[in-house]
Amino acid sequence: IENTGKGKFAIGAGGEYMADKNLEVTSIVNLSPGETVSAKARMNWAYNLMTGISYGLTDDLDVYAKLGTTNFKVKGSYNWSDATGYEVGNFNIKSKTAFAYGIGIKDKTEIKNGWFVGGDAQYLRSEPTLTGSDAWSDFGAWAPDGSGVDSGKAKITVQLWQVDVFVGKKINEFSPYSGVG
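Residues numbered from 1 in each chain as written. Predicted model: local features only at pLDDT ≥ 70, side-chain atom pairs only at ≥ 80, totals over all residues. Heavy atoms only, no water.

### Remarks on the overall build of the chain
Under the convention used in this document: Put simply, DSSP H or I for four residues or longer makes a helix, DSSP E for two residues or longer makes a strand, and each gets a number counted from the N terminus. Here the term buried applies to any residue with accessible area under 20% of the maximum for its type, exposed to any over 50%, and partly exposed to those in between, with areas from a 1.4 Å probe on protein chains only. Values of accessible area rely on a 1.4 Å probe in the Shrake-Rupley scheme; residue burial ignores everything except the protein chains shown.
For the chain, the count of helices and strands is one helix and nine strands. Along the chain, helices and strands appear, N-terminal first, in the series β-β-β-β-β-β-β-α-β-β. Expressed as a percentage of its 181 residues, the buried residues of the chain come to 33%. Working note: accessible area of the chain is about 11300 Å², and carbon and sulfur atoms make up 56% of it.

### Topic: the packing of aromatic side chains
Heads up, the condition is: In this scheme Phe, Tyr and Trp rings, the latter by its six-membered ring, pair at centre separations within 6.5 Å, and the angle between planes marks the pair as stacked below 30 degrees, edge-to-face above 60, and tilted otherwise.
Following the criterion strictly, the structure yields six aromatic pairs and no others. Between W45 and Y47, the ring centres sit 6.3 Å apart and the planes meet at 5°, which makes this aromatic pair stacked. Their ring planes at 45° and their centres at 4.6 Å tell us that Y123 and W161 sit as a pair that is tilted. Separated by 38 residues along the polypeptide, Y123 in strand β6 (residues 115–126) and W161 in strand β8 (residues 158–169) bring together distant segments of the chain. Residue class for Y123 comes out buried when judged on its relative accessible area of 14%.

### Here we look at the confidence of the model for the chain
Here is the rule we go by: What pLDDT expresses is the predictor's confidence in each residue, scored from 0 to 100. A contact between two residues is defined here by any heavy atoms of the two lying within 4.5 Å.
Taken over all residues, the pLDDT of the chain has a mean of 82, while the share at 70 or more is 83%. The weakest mean pLDDT in the chain belongs to helix α1 (residues 135–138) at 46; the strongest belongs to β6 at 95. Across residues 135–150 the pLDDT falls below 50, and counting only partners more than four positions away or on other chains, this stretch makes 26 contacts in the model.

### Notes on the nonpolar core
To keep it simple, the criterion reads: Among the buried residues, those of types Ala, Val, Leu, Ile, Met, Phe, Trp, Tyr and Cys that are joined through side-chain atoms within 4.5 Å form a nonpolar core.
Within the largest apolar cluster, 15 residues are counted, with the highest numbers of intra-cluster contacts made by A46, F72, V74, F91, I93 and L130. Listing elements by their share of this core, those giving two or more residues are β2 (36–56), β3 (61–82) and β4 (85–95). With four residues, the top contributor of residues to this core is β2.

### Concerning the environment of Q162
For clarity, the cut-off: Nitrogen and oxygen atoms within 3.5 Å of one another constitute a polar contact, given that in protein one can donate a hydrogen and the other can accept it, and given that sequence-neighbouring residues count only through two side-chain atoms.
Within the secondary structure layout, Q162 lies in strand β8. Taking the C-alpha atoms as reference points, Q162 and G104, 58 residues apart in sequence, are found 9.2 Å from one another. Excluding anything up to four places from it in sequence, Q162 contacts E16, M18, D120, A121 and Q122. A distance of 3.2 Å separates polar atoms of two side chains, one belonging to Q162 and the other to D164.

Shown next, in the form of structure tokens:
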């Protein structure tokens, strides 16, 4: 939670765990003409292990960049149709550990007597390969020669926009805080 300070750099590492989060499916690629697919997805769990560098724009405001890895498990349902038929199904997939990166901005302002408030906004992105019984069909991973499904190549792009606000109190060398995001 500590800010870097105006004109200073800091390097750090950390992790985050997320659970039970609704996901927005914005597009599905590699569909044949006349084919339509809609999907609803919910992240069961995800973790990010990241290292990063931050720079203090002011004593209270930092910008930062992160590099690391991510992994997740997602469940959901889909509706698929084309000129020949219609299918409704469920999927249960897991990603392989993948490279992830992100950028963000963080503000922490002391109010009075060690109390502080702040906010953090970040964007994270990864493009993991999927595993699981449904990964090959539900995400359109077709073989390059068009001969059928290539189950080892199903990939998705995961983009996460996250905004958090927090309040806390500095007590000696500790800064316990609580927030929502």
